[in-house]
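# Coordinates in review
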Amino acid sequence: MSAAANNIVVNVEEKLFQNRYKVDHGRPHIRIKAPEVCANDCKDQSCTFVCPASCYKAEGNRSVTLITDGCLECGSCRVICTEHANVAWEYPRGGHGILFKFG
């Protein structure tokens, strides 16, 4: 492999922008079961840095905000939240959710 090939920079945000997301208004496919668990019991708040789409945001008061628009449906949030099992996750209903541009 050439030296030039080793210096390729991939901009994840640019790649994610190529996908589309059809929002199912009023019927999110993910929710935080008990927001107070995130604020009071979860020390790491791992979902805020594991989610590749940055759907989870840590707030200054230790609460966690979830915005499902743009979710990649990878399930990382429910896997990382095994200690508290505080994420309710299901696939979006038909015709909604992530629409991958390349398959």
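Our subject in this report is the structure included herewith. (Residues numbered from 1 in each chain as written. Predicted model: local features only at pLDDT ≥ 70, side-chain atom pairs only at ≥ 80, totals over all residues. Heavy atoms only, no water.)

## Some remarks on the packing of aromatic side chains
Summed over all chains, the structure comprises one aromatic pair. Between the aromatic rings of W89 and Y91, the centroid separation amounts to 4.9 Å while the plane-to-plane angle is 70°, which identifies the pairing as edge-to-face. Since its relative accessible area comes to 13%, W89 is described here as buried. (Phe/Tyr/Trp six-rings, centres within 6.5 Å; stacked < 30°, edge-to-face > 60°. Buried < 20%, exposed > 50% of the residue type's maximum accessible area, 1.4 Å probe, protein only.)

## So, a nonpolar patch on the surface
There is a patch of nonpolar side chains on the surface, built from F49, V50 and I80 and spanning about 270 Å² of accessible area. Tracing the backbone shows F49 in helix α4 (residues 47-50). For F49, a relative accessible area of 60% gives the class exposed. (Patch = residues over 30% accessible without salt bridge, like charges linked within 9 Å, V, L, I, M, F, W, Y side chains within 5 Å. Areas by Shrake-Rupley, 256 points an atom, 1.4 Å probe, with all protein chains shown as cover. Salt bridge = Lys/Arg side-chain N within 4 Å of Asp/Glu carboxyl O. Helix = DSSP H or I, 4+ residues; strand = E, 2+ residues; numbered from the N terminus.)

## Describing the nonpolar core
In terms of nonpolar packing, the biggest core is built from 13 residues, with I30, Y56, V64 and V87 touching the most fellow members. Discounting residues that sit within four places of it in the chain, Y56 has contacts with I30, I32, C47, T48, C51, V64, T65, L66, C77 and V87. (Core = buried A, V, L, I, M, F, W, Y, C linked by side-chain atoms within 4.5 Å. Contact = heavy atoms within 4.5 Å.)

## Some remarks on the layout of surface pockets
Empty space within the largest pocket amounts to approximately 240 Å³. Looking at the largest pocket, it is lined by 17 residues, and the ones nearest its centre are C42, S46, I80, C81 and H84. A class-by-class count of the residues in the lining of the largest pocket yields nine nonpolar, four polar and four charged. (1 Å grid on protein atoms, 1.4 Å probe; cavity = no way out; pocket = protein on both sides within 12 Å on 5 of 7 lines; lining within 4 Å. Points joined across faces, edges and corners; volume = space filled by probe spheres on them. Nonpolar A, V, L, I, M, F, W, Y, C, P; charged D, E, K, R; others polar.)

## Describing a negative patch on the surface
A grouping of E36, D41, D44 and E83 is seen on the molecular surface, where their side chains present a negatively charged patch. Topologically, E83 is positioned in the loop between α5 (76-80) and β5 (87-89). (Lys, Arg positive; Asp, Glu negative; His and termini not counted. Charge placed at Lys NZ, Arg CZ, Asp CG, Glu CD.)

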